[in-house]
Amino acid sequence: MENENIILIGFMGVGKGTVARALVKNSDYFAVDTDDLIESLENKKIKKIFEENGEPYFRNLEKKCALWCEKNIRGSIISTGGGFYKQENIKKIGKIIYLQSTFEKILEGIKNSPNAKKKLKKRPLLNDLNEAKKIYDQRVKEYEQVSDIIINVEDWDENVAAQNILKSLGK
Ligand code: S3P
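Read on for a plain summary of the structure. Since the structure is predicted, the reported quantities are computational estimates derived from the model, not experimental observations.

1. Brief notes about the pattern of salt bridges
Now for step 1: Inspection of every chain in the model, using the stated rule, returns 10 salt bridges.
Now for step 2: We note a salt bridge from Glu-52 to Lys-44, for which the minimum N-O separation is 3.0 Å.
Now for step 3: When its relative accessible area of 47% is taken as the criterion, Glu-52 is described as partly exposed.
Now for step 4: The exposure class of Lys-44 is partly exposed, given its relative accessible area of 23%.
Now for step 5: Lys-133 is the salt-bridge partner of Asp-137, the closest N and O atoms lying 2.9 Å from each other. Here Lys-133 and Asp-137 lie together in helix 8 (residues 129-146), a separation of four residues that amounts to about one turn.
Now for step 6: Overlapping salt bridges bring together Glu-55, Arg-59 and Glu-62 as one network.

Conventions and cut-offs
Residues numbered from 1 in each chain as written. Predicted model: local features only at pLDDT ≥ 70, side-chain atom pairs only at ≥ 80, totals over all residues. Heavy atoms only, no water. Salt bridge = Lys/Arg side-chain N within 4 Å of Asp/Glu carboxyl O. Buried < 20%, exposed > 50% of the residue type's maximum accessible area, 1.4 Å probe, protein only. Helix = DSSP H or I, 4+ residues; strand = E, 2+ residues; numbered from the N terminus.

Shown next, in the form of structure tokens:
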């Protein structure tokens, strides 16, 4: 469909934002990020929102954000928070691309990045890695089920992933 959005879903730290930026560089698309929209609306970092208002409050903001995206965003890339895929209307927002990787590879990627500490600290649900693994195991099937296209990003850099996405969309 002309003007259809591309939605990137997947686990925390898999590289949704990084791949979105690579897509913008490799195409005419522009991108927005649902966590960034929520942070700017609240004028607070996600971590602070979790600490001060709690997770249900954050999930409610995600819901509002999803409804707003459906109504207002066209022809764009939307990178999302790792739990955004649960939004009821997600299918109506656009074509869903699941960035797939193993839990181990995702952690390895975060730990090897130059700002590893920051990446771990800003994600409240990664504070406890045992709990994070449980969330990963719960979500893996659901990510697959909701997605239109699955792109494995375990061994690819963001530019290859972006090329693969564009190719699979016929662009
Ligand atoms: C979350 C993922 C985070 C952020 C919030 C909750 C999740 O986004 O939305 O901390 O439930 O998986 P990233 O996937 O960008 O880390």
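Let's pick the thread back up.
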